[in-house]
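Residues per chain, in single letters:
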Amino acid sequence: MKKFKIGIVGSTGAVGQEIIKLLEKREFPASEVRLLASPRSAGTEVEALGERRTVLETTPESFDGLDFAIFSAGSDNSVKYAHEAVKRNCVVIDNSSAFRMDPSVPLVVPEINPEALEEHQGIIANPNCSSAITLMAIYPLHRRFGLKRFYASTYQAVSGAGAMGPISLDQEVTEMVTGAPVPNALPSAFPHPIAFNLIPHVDTFREDGYTKEELKMGNESRKILSLPDLKVSCTCVRVPVYRAHSISINAEFVNNVNLPDAIQVLSSFDGLDFVQNLNENLYPMPVFSSEKENCQVGRVRVDHASDNGLAFWVTGDQLWKGAALNAIQIAEEMINRNCLRKIF
Ligand code: A2P
């Protein structure tokens, strides 16, 4: 079997670490794994895919000879290095928001719109974590009933804010429980206390009162589902959960909905588990979704506030399906479709 040379930009970060784990778990056909990060980490030795490896500083030349590079080092670094990589015949799978809405860049969830990969011009964008998880449940329902609009409220884990998110939660919980300040506490990743609190603020505010994160849900759903007129309203909330995002969704459809069909399409969709047994208090929760490749959907019911509506609850590991896993699945799908070099 052919093997591929793969780079990870942001390999020391929260998502980068998960990419390393998942490449190993999924037995990705890699002949080389190049760990890239900022000059701060260059020279650090880490254990990755069964070997001790040295982290390298990211430079334009870092991409020489690579087949793929998965970027998880923030938008600025994606803008700075993605085109340098493409110039060197290295396909970029980008986890940042830098290129998601660029019409020449496919935005892909492999279970939903893998055919978009055929049109790539060197860069493929990975969706925002909440969008990817939400669409894993919305798409099978859309195929059956025809999606018209949806409302979503997200419950986003602290690890979605980067490696500092869980550290901030830990420090605050320790301070509250012990009643004493944590020595040498690091500055919080959040604008307010996150322990025993909810923060209805993820990403920066826009003039219309929405946050950028909330707009991503609509913009990315329209692009991935190829539904330019889809209407979406979203509220994003940071919650004191370590890992896995949850999303409450009310979706309205063109056609009449019914529960047996809704449950059938949700239960049979690849990458999604239907988790619901109300007699046994069974429904998706972040603790069930952490370090799981599949997203989970449950609490499915007819929406009493709309004519053809369904209400449901979906959870997913935002570091996996919302980032690292989806990026690796994109690489795997490109290998299967043999569309890696098509544009070069
Ligand atoms: P480093 O650890 O060297 O700072 P997180 O989202 O968890 O905060 O991680 C961000 C990731 O992006 C880290 O791996 C970080 O590396 C990486 N990074 C930050 N700045 C740069 C840069 N200028 N060039 C390459 N990687 C960077």
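Structure: see above.
These numbers were taken from a predicted model, which means no experiment stands behind them.

Engineer: What should I look at first to understand the packing of helix 3 (residues 129–145) against helix 5 (residues 212–225) in this one?
Structural biologist: In a pair of packed helices, the angle between the axes and the distance between the axes together describe the arrangement. Contact pair helix 3 / helix 5: the axes reach a minimum separation of 9 Å and the direction vectors enclose 45°. The orientation of helix 3 with respect to helix 5, classified from their angle, is oblique. Where helix 3 crosses over helix 5, the handedness of that crossing is right-handed. Where helix 3 approaches helix 5, its residues Cys 129, Ser 130, Ser 131, Thr 134, Leu 135, Ile 138 and Tyr 139 are matched on the opposing element by Glu 213, Lys 216, Met 217, Glu 220, Ser 221, Ile 224 and Leu 225. Looking at side-chain class alone, the contact of helix 3 with helix 5 contains seven nonpolar, four polar and three charged residues.

Engineer: Got a minute to help me understand the sheet that holds strand 2 (residues 30–37) in this structure?
Structural biologist: Backbone-to-backbone hydrogen bonds join strands into a sheet, with any given pair of strands oriented parallel or antiparallel. The strand order across the open sheet formed by six strands is 5-2-1-6-7-8, and the pairing between neighbours is parallel. At either end of the open sheet lies a strand with only one pairing partner, and these are strand 5 (56–57) and strand 8 (123–125). In this sheet, strand 6 (residues 68–71) lies alongside strand 1 (residues 4–9) in parallel orientation, the contact comprising four bridges. Its bridge partner lying in strand 6, Ile 8 is registered against Ile 70. Across the sheet, helix 1 (residues 14–25) touches strand 1, strand 2 and strand 6, and the angle it forms with strand 1 is around 155°. Strand contacts of helix 8 (residues 320–337): strand 1, strand 6, strand 7 (91–94) and strand 8, with the helix running at about 160° to strand 6, the strand carrying the most contacts.

Engineer: Can you help me understand the state of the cysteines in this one?
Structural biologist: A covalent bond between the sulfur atoms of two cysteines is what we call a disulfide. One pass over the structure, following the stated rule, counts zero disulfides. No disulfide involves Cys 339; its sulfur sits 14 Å from the nearest other cysteine sulfur, which is in Cys 90. On the basis of relative accessible area, Cys 339 is assigned to the buried category, the value being 0%.

Engineer: How do you make sense of the site of the ligand when you look at a structure like this?
Structural biologist: Close contacts around the ligand come from 15 residues, with Thr 12, Ala 14, Ser 38, Arg 40 and Ser 41 the closest. The backbone of Gly 10 places a nitrogen or oxygen atom 3.2 Å from an oxygen atom of the ligand. Summarising the interface, the protein chains cover 71% of the accessible area of the ligand, which totals 570 Å² for the free molecule. Considered class by class, the residues forming the shell around the ligand number four nonpolar, ten polar and one charged.

Engineer: I would appreciate a short explanation of the pattern of salt bridges in the present structure.
Structural biologist: Pairs can form between side chains of opposite charge whenever their charged atoms are close. Under the definition given, this model contains 24 salt bridges. Taking the shortest distance from any N to any O, the salt bridge between Arg 52 and Glu 47 comes out at 3.4 Å. The closest approach of N and O atoms between Glu 252 and Lys 148, which form a salt bridge, is 3.5 Å. Taken together, the positions of Glu 252 in strand 11 (residues 245–253) and Lys 148 in strand 9 (residues 147–156) put the pair 104 residues apart, joining distant regions of the chain. When its relative accessible area of 15% is taken as the criterion, Glu 252 is described as buried. For Lys 148, a relative accessible area of 40% gives the class partly exposed. One network of salt bridges, in which partners are shared, links Glu 61, Asp 64, Glu 84, Lys 87 and Arg 88.

Basis of the calculations
Residues numbered from 1 in each chain as written. Predicted model: local features only at pLDDT ≥ 70, side-chain atom pairs only at ≥ 80, totals over all residues. Heavy atoms only, no water. Axes fitted to C-alpha atoms, helices over the stretch in contact; angles between N-to-C directions. Helix = DSSP H or I, 4+ residues; strand = E, 2+ residues; numbered from the N terminus. Parallel < 35°, antiparallel > 145°, perpendicular 65-115°, else oblique. Left-handed = near helix turned anticlockwise from the far one by under 90°. Contact = heavy atoms within 4.5 Å. Nonpolar A, V, L, I, M, F, W, Y, C, P; charged D, E, K, R; others polar. Pairing = 2+ DSSP bridges. Disulfide = S-S within 2.5 Å. Buried < 20%, exposed > 50% of the residue type's maximum accessible area, 1.4 Å probe, protein only. Near = heavy atom within 4 Å. Polar contact = N/O pair within 3.5 Å; in protein donor to acceptor, adjacent residues only side chain to side chain. Areas by Shrake-Rupley, 256 points an atom, 1.4 Å probe, with all protein chains shown as cover. Salt bridge = Lys/Arg side-chain N within 4 Å of Asp/Glu carboxyl O.

Without other data, these values stay purely geometric and don't point to any function.
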